[in-house]
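Single-letter residue listing:
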Amino acid sequence: MSSRTLPLLFINLGGEMLYILDQRLRAQNIPADKAKKVMNDIITTMFNKKFLEELFKPQELYSKKALRTVFDRLAHASIMRLNQASMDKLYDLMTMAFKYQVLLCPRPKDVLLVSFNHMDAIKDFVKDTPSILSQVDETYRQLVEMYTNLSSGEFQLIRQTLLIFFQDMHIRVSIFLKDKVQNSNGRFVLPTSGPVPYGTQVPCLIRIFSCSGEEMTRRQFSNGGNYTAALREGSFETFGDRVTKLGTNMYSVSRPVETHMSGTSKNSAQHTKVNVAPNPLAKEELNLLAKLMGGLEIQKLGNADSGFRVNLFSTDEEEEEALISRPDDLLYGVINIQATKDQQANAELAKIMGEFTECGDQSPSSSSKGDDLLAMMDGL
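Counting starts from 1 at the beginning of each chain's written sequence and moves along it residue by residue. pLDDT decides what is reported in this predicted model: residues at 70 or higher carry local features, side-chain atom pairs at 80 or more are listed and counted, and totals for whole chains, interfaces and linings draw on all residues regardless. The side-chain numbers reported here are obtained from all heavy atoms of the structure, hydrogens and water having been left aside.

Draft legend 1. Seen up close, the overall build of the protein chain. Comment: elements are numbered from the N terminus, with helices defined as DSSP H or I runs of at least four residues and strands as E runs of at least two. Regarding its fold elements, the protein chain presents 14 helices and eight strands. In the protein chain, which comprises 380 residues, the proportion classed as buried is 50%. For this analysis, residues touch if any pair of their heavy atoms sits within 4.5 Å. Restricting the contact set of the protein chain to residue pairs at least 6 apart, pairs at least 24 apart contribute 81%. Using a 1.4 Å probe, accessible areas were evaluated by the Shrake-Rupley method; residue-level cover was limited to the displayed protein chains. As displayed, the protein chain has an accessible area near 17,600 Å², and 51% of this comes from carbon and sulfur atoms. Residue exposure (1.4 Å probe, protein chains only): buried if accessible area is under 20% of the type maximum, exposed if over 50%, otherwise partly exposed.

Draft legend 2. Structural view of the nonpolar core. Core analysis: the biggest nonpolar cluster contains 81 residues, and Leu9, Phe10, Met17, Phe71, Leu82, Leu90 and Tyr147 have the highest contact counts within it. For this core, the element with the most residues is helix H1 (residues 6-27), which contributes twelve residues. Ignoring any residue separated from it by four or fewer positions in sequence, one finds tyrosine 147 in contact with Arg4, Pro7, Leu8, Phe56, Leu112, Phe155 and Ile158. For the purposes of this section, nonpolar cores are sets of buried Ala, Val, Leu, Ile, Met, Phe, Trp, Tyr and Cys residues that join through side-chain atoms within 4.5 Å.

Draft legend 3. Geometry of the environment of methionine 216. Position of methionine 216 among the secondary structure elements: in strand S5 (residues 215-220). Using a relative accessible area of 52% as the deciding quantity, one classes methionine 216 as exposed. In this structure, methionine 216 is in contact with Ile208, Phe209 and Ser210, ignoring residues within four places of it in sequence.

Draft legend 4. Examining the packing of H1 against helix H5 (residues 84-104) more closely. Taken N-terminus to C-terminus, the directions of H1 and H5 make an angle of 125 degrees; their axes are 9 Å apart at the nearest point. Relative to H5, the element H1 lies oblique. Crossing geometry of H1 relative to H5 is assigned as right-handed. In this structure, H1 contributes Leu8, Leu9, Asn12, Leu13, Glu16, Met17, Ile20 and Leu21 to the contact, and H5 contributes Leu90, Leu93, Met94, Thr95, Ala97, Phe98 and Gln101. For the contact of H1 with H5, the per-class residue count stands at eleven nonpolar, three polar and one charged. For every element, the axis is a line fit to its C-alpha atoms; helices are fit only across the contacting stretch, and the angle between N-to-C directions ranges from 0 to 180 degrees. In what follows, roughly perpendicular refers to angles from 65 to 115 degrees, roughly parallel to angles under 35, roughly antiparallel to angles over 145, and oblique to any angle outside these ranges. Here a crossing is called left-handed whenever its near helix is offset anticlockwise from the far helix by less than a right angle, and right-handed whenever the offset is clockwise. Following the grouping adopted for this structure description, the nonpolar residues are Ala, Val, Leu, Ile, Met, Phe, Trp, Tyr, Cys and Pro, the charged ones are Asp, Glu, Lys and Arg, and the polar ones are all others, Gly among them.

Draft legend 5. Structural context of the pattern of salt bridges. In the sections that follow, a salt bridge refers to a side-chain nitrogen of Lys or Arg positioned within 4 Å of a carboxyl oxygen of Asp or Glu. According to the stated counting rule, one finds 15 salt bridges in the structure shown. With a closest N to O distance of 2.6 Å, glutamate 138 and arginine 141 form a salt bridge. Of this pair, glutamate 138 and arginine 141 both sit in helix H7 (residues 130-147), three residues apart, which is roughly one turn of that helix. When its relative accessible area of 41% is taken as the criterion, arginine 141 is described as partly exposed. One network of salt bridges, in which partners are shared, links Arg68, Asp72 and Asp88.

Draft legend 6. Broad picture of the layout of surface pockets. Taken as a whole, the largest pocket spans an internal volume of roughly 720 Å³. Lining the largest pocket are 30 residues, with Leu104, Cys105, Pro106, Pro195 and Val196 positioned closest to its centre. In this analysis the probe radius is 1.4 Å and the grid spacing 1 Å, with only protein atoms considered; a cavity is a set of points the probe fits into but cannot get out of, a pocket is an open set with protein on both sides within 12 Å along at least five of seven lines, and lining residues have an atom within 4 Å of a point. Grid points are joined across faces, edges and corners, and a volume is the space filled by probe spheres set on the points.

Draft legend 7. Structural context of the packing of aromatic side chains. We call Phe, Tyr and Trp rings a pair once their centres come within 6.5 Å, taking the six-membered ring for Trp, and we label the pair stacked below 30 degrees between planes, edge-to-face above 60, and tilted otherwise. Counted by the stated rule, this structure contains eight aromatic pairs. Aromatic pair phenylalanine 98 and phenylalanine 166: ring centres 5.8 Å apart, planes at 85 degrees, arrangement edge-to-face. Here the residue phenylalanine 98 occupies a position in helix H5, and phenylalanine 166 occupies one in helix H8 (residues 152-166), the gap between them amounting to 68 residues. Look at phenylalanine 98 and you get buried, because its relative accessible area is 1%. Taking the centre distance of 5.3 Å and the plane angle of 85 degrees together, the rings of phenylalanine 165 and phenylalanine 166 count as edge-to-face. The pair formed by phenylalanine 165 and phenylalanine 166 is uniform in burial state, with each residue classed as buried. Taken together through their ring pairs, the aromatic side chains of Phe10, Phe51 and Phe71 make up a single cluster. Positioned above the aromatic ring of phenylalanine 165, the side-chain terminus of lysine 64 is 4.7 Å from the ring centre. Geometrically, a lysine NZ or arginine CZ counts as sitting over a ring once it is within 6 Å of the ring centre and also within 35 degrees of the ring normal.

Written out as structure tokens, the structure is:
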């Protein structure tokens, strides 16, 4: 597995989260000032300088449970509130959208172009707020510095690590089903047409060479698709044309998105839960997550009266029905697609949790919130 995968996973999932929330805030006619505050608060928390310094250090991925908990807290880092079913749906959409983008990348290195598309959109969200914009620009610099000079082999390892992370997630998404890029079992359909990776040729020709390297014969064959040559390579600079549309916003108010658990996903999640063995190191990781949650929660308390709820479903009734029908083993605290076996403590996670906590002031209520989190997760 590649030790440089975590920043790309975090940034791309965060970008998808912001796309979805922006779409729902518009759909529910949330006042512009409140919607802007939500986006600014979440982006400020995502791009905390010290947090990102630790995030960019080479390290293995967090456990799925840890990553899900981080995004739960990010989604609630402002005055907005999401009920459990809506948070489940938000995370489903985030993960399946990025999984689809990783699968469609023509070259492993194009995962970075997808990340830059997300960063371009995030920058646009805060273009009128210079202080936050500077945080995003610094992250651009770190991405360019870390990734643009990596070899093709290293990018292949990053892509494989991402696909392994997503391999058991098969949530059906209405947009993908309607566009026929996803089957009814939640698996994606890869295209057999379109532009080939930049720097390669359209498949249709076999060349046979002699021992001395001289071309002897050529044979044509049918490639079974409708391939075209790539026009140009996307820009890996801070500013530029990325060429690929992967990582851009696929949501709109007029195009509602629904998610459904596939039978395969349910069975996989239930099977995994049965086989999870007690891990003596799990409590330490949960303690760190509790500390994170306490730190992020504080900045919301003063805005309790001005808070509002966002529903990712068309009606409250649909949201309640989704919560009731949700498998028990996919409720809060467990990844909504599969339970996780890996709960081992991580020294880098400890550092990051400590830095993330600085986003909010400490208060006596933080420890009790952490105890509540531990009690809730211990029952899994």
